Amino acid sequence: MSYSPGGNESALKLKSIKWKQTWQLHAMMLPGMLFVIVFAYLPMVGITIAFQDFNPTKGFFGSPWLGLDHFNYMLELPDTYRIVKNTVIIAGLKIFFGFLAPIVFALLLNEMKIKLWKRGIQTFVYFPHFVSWVIMGGILVNILSRNDGAVNRLLASFGVEPVFFLGDPGWFRVTLVATDVLKEFGFGAIIYLAALSGINPALYEAAVIDGAGRFKQTLHVTLPGIMHVAVLLGILSIGNILNAGFDQIFNLYNYLVLDSAEIIDTWVYSMGLLQAQYGLATAVGLLKSVVAFLLIAGSYRLAVKLANYRIF
Amino acid sequence: MRFAYSPGAIAFRMFNYGLLTAVALLCVLPLVHIFAVSLSSAEAVNGNEVGLWPVDFSLGAYRASFDAPFLSALNVTLQRITLGTVINLVFTFLLAYPLSKESDRFPYRNVYVWALVFTMLFSGGLIPTYILAKQLHLINTLWVLVLPSAVNVFYIVLLLNFFRQLPKEVEESALIDGASYFQSMYKIYLPLSKPVVATLLLFCVVTHWNAWFDGIMFINDTDKYPLQTYLQLLLQKSKSVLSLEDAKMAAEDAAKTSIYGAKMFLSLLPIIALYPFLQKHFTEGIVIGAVKG
């Protein structure tokens, strides 16, 4: 055993200093945790109103209890089935295309060899991510208008009949998915591009020596190189099956497409805040939160298991 | 080394460049169109003459855009950005520093972690949050726009990961020399975190600039709307053009279209100005945040 002058002593000293001072770490946590308790945990206490005939003047605990009345009423309401169906369809389509588009884009971009061109394209496709859905919605309402929108004018010049993108129930969903994917695919591709740039060039050289063409290189080197990221993001996206995109739909929908576009979140908003049906809206919101919690927690567990993912 | 010049490869390349260029244009042309509309005269917009270039160039829409409600909303947004960013950064530092210690040095660390993670997975929902804000008398105040989002777990994770990459030795020798954890955070970690602070700053500014729903939910005094909320309510009116019955109103609305366009573009201007930095820092942020482990 080698002799290290003072090494052990200072390590011991450090340990005792750290133990003496841990209260400081707790003190740093305190203000933030108070905020978390007030703004994240107190609303969870407020979930009690899902079981009450809530009266704002009487508060969370003073209002008369109703038991499961709101939930029973909810199950009888035809609205419930409609909004759950809409939510799952819209969110499902968005997850599917929103998952594939960044991968395809990253793979194609990776084949581009002109640096400047590549950078230009990246600059363009990342941008919409930073535009709020308020502005994006305003732009889309303008350019997709049936009568004089730029898109329909363009289509008309090819002899295509005007399409009622935002007023036809079927087209509305297509528009939702397409515009959401278009807004986010570029940004979503960043992580794949990072993974692609991390692939060891020696693997490509080896593949070439083994006689692989561009396509085979993609199949046997590039794809396995991004697989772990794809698996991880794929698993984590399952938790979004009840998030159809409140911001987008709220800024685009209108009474013509309510039947096919009203989702849980928009329904909770209009039922709860506009019509002041606090108890019922909270009950529906609670059910959504619980299901989403189970899905997200499950997908995180899966991600930890399969992809060794750790958030903290 | 590559089989680049076979006819198939050339065809693929041309197709690839064409496709990606088209997709990239699809992402920005709508913005270019709105910009052109905002710079065109009302008549040209009414007559559907505007494509990607202003017709009958006019700055009238921009002059008309700076009306009292717009300026008031802009003012609210600037206030929430300033206050909100300071609050976000302070809380992010205060929470990320202790949490970057391993649990053998910071007992109960994992309790805090789980308390934070749980808030990402589950929330009280819209109505209880609204009622809470009401009972705390936060409705119609600037505070309601900055306090509920004061602690952001994503920012904490970002900073915590950055702290963990820094060498521990500096802090350890400072502690042996009698420094406290407070001093260590303030004098060692804070000065070292300049690059990640830039990223956090951008996140905070853009998030507060773009936030609109909290304004709809918690503010009902028109003087106190932040910019995006004001825009949201303004643009909602323009949606009436959608229905066929409102065709008559459509003509009237078209005259407003260039003003709407100008207001939208003005609201986009800070994002465009920050975009070169956003591209750099958000790219780093997302890579640090997501490809861990």
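Numbering of residues begins from 1 in every chain and follows the order in which that chain's sequence is written. Chain labels run from A onward and ligand labels from 1 onward, assigned in the order the entries are written. In keeping with the model being predicted, local features are shown solely for residues with a pLDDT of at least 70 and side-chain atom pairs are shown and tallied solely at 80 or more, while totals for entire chains, interfaces and linings include all residues.

> Hey, could you go over the overall build of chain A for me, with residue numbers and the actual values?
Across its full length, chain A holds 14 helices and zero strands. Along chain A, from the amino end to the carboxyl end, the secondary structure elements read α-α-α-α-α-α-α-α-α-α-α-α-α-α. With C-alpha atoms as the basis for the radius of gyration, the globule rule is written as 2.2 Å multiplied by the number of residues raised to the power 0.38. Its C-alpha atoms give chain A a radius of gyration of 26 Å, clearly above 20 Å, the size a compact globule of 312 residues would have. With respect to the three principal axes, the spread of C-alpha positions in chain A is 75 × 65 × 30 Å. For chain A, the share of sequence-separated contacts (at least 6 apart) that also reach a separation of at least 24 residues comes to 67%. By the criteria applied, helices consist of DSSP H or I runs no shorter than four residues and strands consist of E runs no shorter than two, each listed in order from the N terminus. A pair of residues counts as a contact when their C-beta atoms, built from backbone coordinates, are separated by no more than 7 Å.

> Explain the overall build of chain B residue by residue, including any values.
A tally of helices and strands in chain B yields 14 helices and zero strands. With C-beta atoms placed from the backbone, a residue is buried if 20 or more other C-beta atoms are within 10 Å of its own, exposed if 12 or fewer are, and partly exposed between those counts. Looking at chain B residue by residue over its 293 residues, the buried ones come to 38%.

> Go over the domain arrangement of chain A with me, naming the residues and quoting the values.
Residue and element names in this part refer to chain A. Each domain's extent is set by a domain assignment, obtained either automatically or from a database. Partitioning chain A into domains gives domain 1 (7–62) and domain 2 (74–307). The C-alpha-based centres of domain 1 and domain 2 are spaced at 35 Å. Lys, Arg, Asp and Glu make up the charged group, whereas Ala, Val, Leu, Ile, Met, Phe, Trp, Tyr, Cys and Pro make up the nonpolar group; the residues left over, Gly among them, are polar. Within the side of domain 1 that touches domain 2, the residues separate by chemical class into four nonpolar, one polar and one charged.

> Provide a residue-level description of helix H10 (residues 214–237) of chain A, including the pertinent values.
All names here are of chain A. Approximately 45 degrees is the largest bend angle found in H10, and it occurs at Met227. Listed in full, the buried residues belonging to H10 are Thr222, Ile226, Val229, Leu232, Leu233 and Ile235. Where H10 is buried, its residues contact helix H4 (78–110), helix H8 (169–197) and helix H14 (278–307). To obtain the bend at a residue, axes are fitted to the seven residues ending there and to the seven starting there, and the angle between these axes is taken.

> Before we move on, could you go through the environment of Leu158(B) and cite the residues and values that matter?
Residue and element names in this part refer to chain B. Here Leu158 lies in helix H8 (residues 153–165). What makes Leu158 buried here is the crowd of 21 C-beta atoms within 10 Å. The sequence separation of Leu158 and Lys256 amounts to 98 residues, and the corresponding C-alpha distance is 43 Å.

> Any details on the interface of chain B and chain A? Residues and values, ideally.
Contacts between the two partners involve 87 residues from chain B and, on the opposite side, 86 residues from chain A. If you tally residues by element for the side of chain B that touches chain A, the top one is helix H1 (residues 7–38) of chain B, at 15 residues. The class makeup of the residues in the side of chain B that touches chain A is 62 nonpolar, 20 polar and five charged.

> Account for the environment of Phe96(A), naming residues and giving values.
All names here are of chain A. Here Phe96 lies in helix H4. A residue is classified by how many C-beta atoms lie within 10 Å of it, and Phe96, with 13 of them, is partly exposed. In the structure, Phe96 is positioned 142 residues away from Ile238 in sequence and 9.8 Å away in space, judged by C-alpha atoms.

> Any details on unusual backbone geometry? Residues and values, ideally.
All names here are of chain B. Even without being glycine, His137 reaches a positive phi, approximately 60 degrees. Considering the arrangement of structural elements, one finds His137 in the loop between helix H6 (126–135) and helix H7 (143–146). A positive phi angle, close to 65 degrees, is found at Asn140, a residue other than glycine. Looking at where Asn140 falls in the secondary structure, it is placed in the loop between H6 and H7. When the 14 C-beta atoms within 10 Å are taken as the criterion, Asn140 is described as partly exposed.

> Could you give an account of H14(A), naming the residues involved and the relevant values?
The span one expects for a helix is its residue count, reduced by one, times 1.5 Å. The end-to-end C-alpha distance of H14(A), which contains 30 residues, comes to 41 Å, matching closely the 44 Å that a straight helix rising 1.5 Å per residue would cover. Asn308(A) sits one or two positions beyond H14(A) and adopts a positive phi of about 55 degrees.

> Give a detailed account of the packing of H8(A) against H10(A), specifying residues and quantitative values.
Residue and element names in this part refer to chain A. Whenever a helix is involved, its axis is fitted only over the stretch in contact; in every case the axis is a line through C-alpha atoms, and angles between N-to-C directions fall within 0 to 180 degrees. The contact between H8 and H10 brings their axes to 9 Å, and the two run at 130 degrees. Judged on the interaxial angle alone, H10 and H8 are oblique. Here H8 and H10 pass one another in a crossing that is right-handed. Where H8 abuts H10, its residues Ile191, Tyr192, Ala195 and Leu196 lie against Thr222, Gly225, Ile226 and Val229. Its residues assigned to classes, the contact of H8 with H10 shows six nonpolar, two polar and no charged. When describing relative orientation, an angle under 35 degrees is termed roughly parallel and one over 145 degrees roughly antiparallel, while 65 to 115 degrees is termed roughly perpendicular and anything else oblique. The handedness criterion is simple: a crossing whose near helix is rotated anticlockwise from the far helix by less than a right angle is left-handed, and one whose near helix is rotated clockwise is right-handed.

> Describe the environment of Val104(A), and please don't skip the residues or the numbers.
Within the element layout of this structure, Val104(A) appears in helix H4. For the pair Val104(A) and Ala189(A), spaced 85 residues apart in the sequence, the C-alpha separation amounts to 8.7 Å.

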